[in-house]
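Structural overview for review
Residue-level listing of the chains:
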Number of protein chains: 2
Amino acid sequence: MCQLLGMNCNKPTDITFSFQGFSKRGGLTDHHTDGFGIGFFEGQGLRLFLDDQPSAESPVADLIRRYPIKSKNAIAHIRKATQGRTTLENTHPFQRELWGRYWLFAHNGNLKPDAPTSEYYQPVGKTDSEKAFCYMLEQLRGQFAQRPSCDELFDAINRLCAELREYGLFNIIMSDGETMFAHASSLLYYICRKHPFGYAHLIDEDMSIDFSTITTPNDRVAVIATLPLTDNETWEQFACNELIMFKQGEIVRRSRPENPVYLSREEGLEIARKAGVSF
Amino acid sequence: MCQLLGMNCNKPTDITFSFQGFSKRGGLTDHHTDGFGIGFFEGQGLRLFLDDQPSAESPVADLIRRYPIKSKNAIAHIRKATQGRTTLENTHPFQRELWGRYWLFAHNGNLKPDAPTSEYYQPVGKTDSEKAFCYMLEQLRGQFAQRPSCDELFDAINRLCAELREYGLFNIIMSDGETMFAHASSLLYYICRKHPFGYAHLIDEDMSIDFSTITTPNDRVAVIATLPLTDNETWEQFACNELIMFKQGEIVRRSRPENPVYLSREEGLEIARKAGVSF
């Protein structure tokens, strides 16, 4: 069960609750995780925790559970491998610097080997995902000598997603610590929580939280996930081939196909299976 | 007390013992640390733990203490700030990718504002250190389209160190996960431990270890530090302006000035003080 999780907020927020449910999906608590990673932006800085060890003794999982790191932008990826052992260098999210900012990228899907490559940014590991990330950054750099406006960035990333999804399944979340971009080829959901905050109950574990007790009326938190994490809230689904840009905990731009297609969970899982992705 | 620590080995080794003494110097255990970081290569992968919080509750310090991560190349940096709060993006070591490998870099010293800059690699934070790292990588990339031999790399880095130390104090440790380069402007020491291994006693804490009980005759471990970490072993000193390349736990190249100058600890500290470095 290879899944994506993103959080974009207007105030530094801890992701403990979402991560608790999310991490269950990789079998974190029953020794079946084949690698996961989570990156937190803090200001311009970045903390990236990667784990390739399928162990409940994982120092990283332990750290995330025990210390609620607060961030306005966080991305996590959890993987159930179908082939071989996950090595550290193949573990998402990936990190690079562009325009004097760190970028984080996580991918769920797979791209054909003939997907475009880059020269300057080079993958360290062997994944199609890191290769695509490097290609995207190189293209962005080629188009803009410095960080453009968010709208220009959105248009450029939208074109790149359209190009790359021609090579396969391309569900991604990426961020430069300010803006979060999420693109769906198949299954991806989001929720934008804001005042009045309510109670939320995890799907994957019998755990609830009353957000009203830990938020202020001005807080806004967007959460993006491969599948909804809670069962008593309304999660919105990305259309296939839709790109959404989140900033300060809300949607600021979206590019939805004219005739949007929404997959059922079963259809999405079937597509992933056919593509050989352990979705 | 701003210090560097590097470890280069021929087999994955944990740095717990050295880190235990090293971390004392930043006041880790008495709440006075103003930021520290440690990066571990594992194969091509990299784990980088950064901490800008002066707290004994630090999740990162706790993690390093409790989990002996094994690595062939590790670099740590600990800082006692003289000015302002350390932010995450200003915390060493810094990480970038070059030639499809991650590089780690930590610096002790300070460079004048007119030190050269780079265009492609850009600093995320505000330190002269990250600026110098970006400049070095950009120059290396300009000279070599792909990773050259270690000897060519050594010569190029030696030229870059000679150039950069004209701008100020430039004690550095850097690594691509295979080779470790250490350059001293003022104070830097190393020890290459190999068979027969003996007993070592930390200077900064009453703690000893008998390496013979945890090593095999083939193990080789080089440790580099601003000041010796143990008081019953012979640490060798870098000459001023000397660059040494370590690989598989031993020295493979060095460039020592023809008339080497070795500073006393007092002279080194005085130079650091004059340069405004909280050494």
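Residues numbered from 1 in each chain as written. Chains lettered and ligands numbered in written order. Predicted model: local features only at pLDDT ≥ 70, side-chain atom pairs only at ≥ 80, totals over all residues. Heavy atoms only, no water.

- Per an unreviewed UniProt entry, the recorded name for chain A is Glutamine amidotransferases class-II, and the organism is Kingella negevensis.

1. Remarks on the environment of B:Gln20
Residue and element names in this part refer to chain B.
- Tracing the backbone shows Gln 20 in helix H1 (residues 16-24).
- The spacing of Gln 20 and Asp 204 is 184 residues in sequence and 8.6 Å in space, taken between C-alpha atoms.
- Discounting chain neighbours no more than four positions away, the residues touching Gln 20 are Leu 202, Glu 205 and Met 207. (Helix = DSSP H or I, 4+ residues; strand = E, 2+ residues; numbered from the N terminus. Contact = heavy atoms within 4.5 Å.)

2. Considerations on the nonpolar core
- Ranked by internal contacts, the top residues of the largest apolar core, which has 62 residues, are A:Trp103, A:Met136, A:Ile157, B:Trp103, B:Met136 and B:Ile157.
- Of all hydrophobic cores here, the second largest spans 58 residues; its members include A:Cys9, A:Ile38, B:Ile191 and B:Leu263. (Core = buried A, V, L, I, M, F, W, Y, C linked by side-chain atoms within 4.5 Å. Buried < 20%, exposed > 50% of the residue type's maximum accessible area, 1.4 Å probe, protein only.)

3. A closer look at empty space enclosed by the protein
- A full pass over the atoms with the stated rule returns six cavities of 30 Å³ or more.
- In this model, the largest cavity occupies a volume close to 260 Å³.
- Looking at the lining of the largest cavity, the elements that each hand over two or more residues are strand E3 (45-51) and strand E5 (94-98) of chain A together with strand E3 (45-51) and strand E5 (94-98) of chain B.
- Take the lining of the largest cavity: its biggest share by element is six residues, from E3(A).
- Class assignment of the residues belonging to the lining of the largest cavity gives a composition of 17 nonpolar, five polar and four charged.
- Estimates place the volume of the second largest cavity at around 80 Å³.
- The wall of the second largest cavity is formed by A:Arg96, A:Glu97, A:Tyr120, A:Tyr121, A:Arg141, B:Arg96, B:Glu97, B:Tyr120, B:Tyr121 and B:Arg141.
- At the level of elements, E5 of chain A together with E5 of chain B are the ones that each hand at least two residues to the lining of the second largest cavity. (1 Å grid on protein atoms, 1.4 Å probe; cavity = no way out; pocket = protein on both sides within 12 Å on 5 of 7 lines; lining within 4 Å. Points joined across faces, edges and corners; volume = space filled by probe spheres on them. Nonpolar A, V, L, I, M, F, W, Y, C, P; charged D, E, K, R; others polar.)

4. Things to note about the relation of the copies chain A and chain B
- Least-squares fitting of chain A to chain B yields an RMSD of 0.0 Å, with the transformation described by 0.0 Å of translation along the axis and a rotation of 180 degrees. The transformation just described matches what one would write down for a two-fold rotation axis.
- Comparing interface residues between copies, 100% of those in chain A also sit at the interface in chain B, which points to an isologous, same-surface contact. (Least-squares fit on C-alpha atoms with pLDDT ≥ 70 in both.)

5. Brief notes about the interface of chain A and chain B
- Contacts between the two partners involve 37 residues from chain A and, on the opposite side, 37 residues from chain B.
- When the two sides are added together, the surface that chain A and chain B hide from each other amounts to roughly 3000 Å², 50% of it contributed by carbon and sulfur.
- When the buried area of chain A at its contact with chain B is split by residue, A:Arg47, A:Tyr120 and A:Val124 rank highest and sum to 22% of it.
- Listing elements by their share of the side of chain A that touches chain B, those giving two or more residues are E3, helix H2 (59-66), E5, strand E6 (101-108) and helix H3 (128-143) of chain A. (Buried area = accessible area lost by both parts, 1.4 Å probe.)

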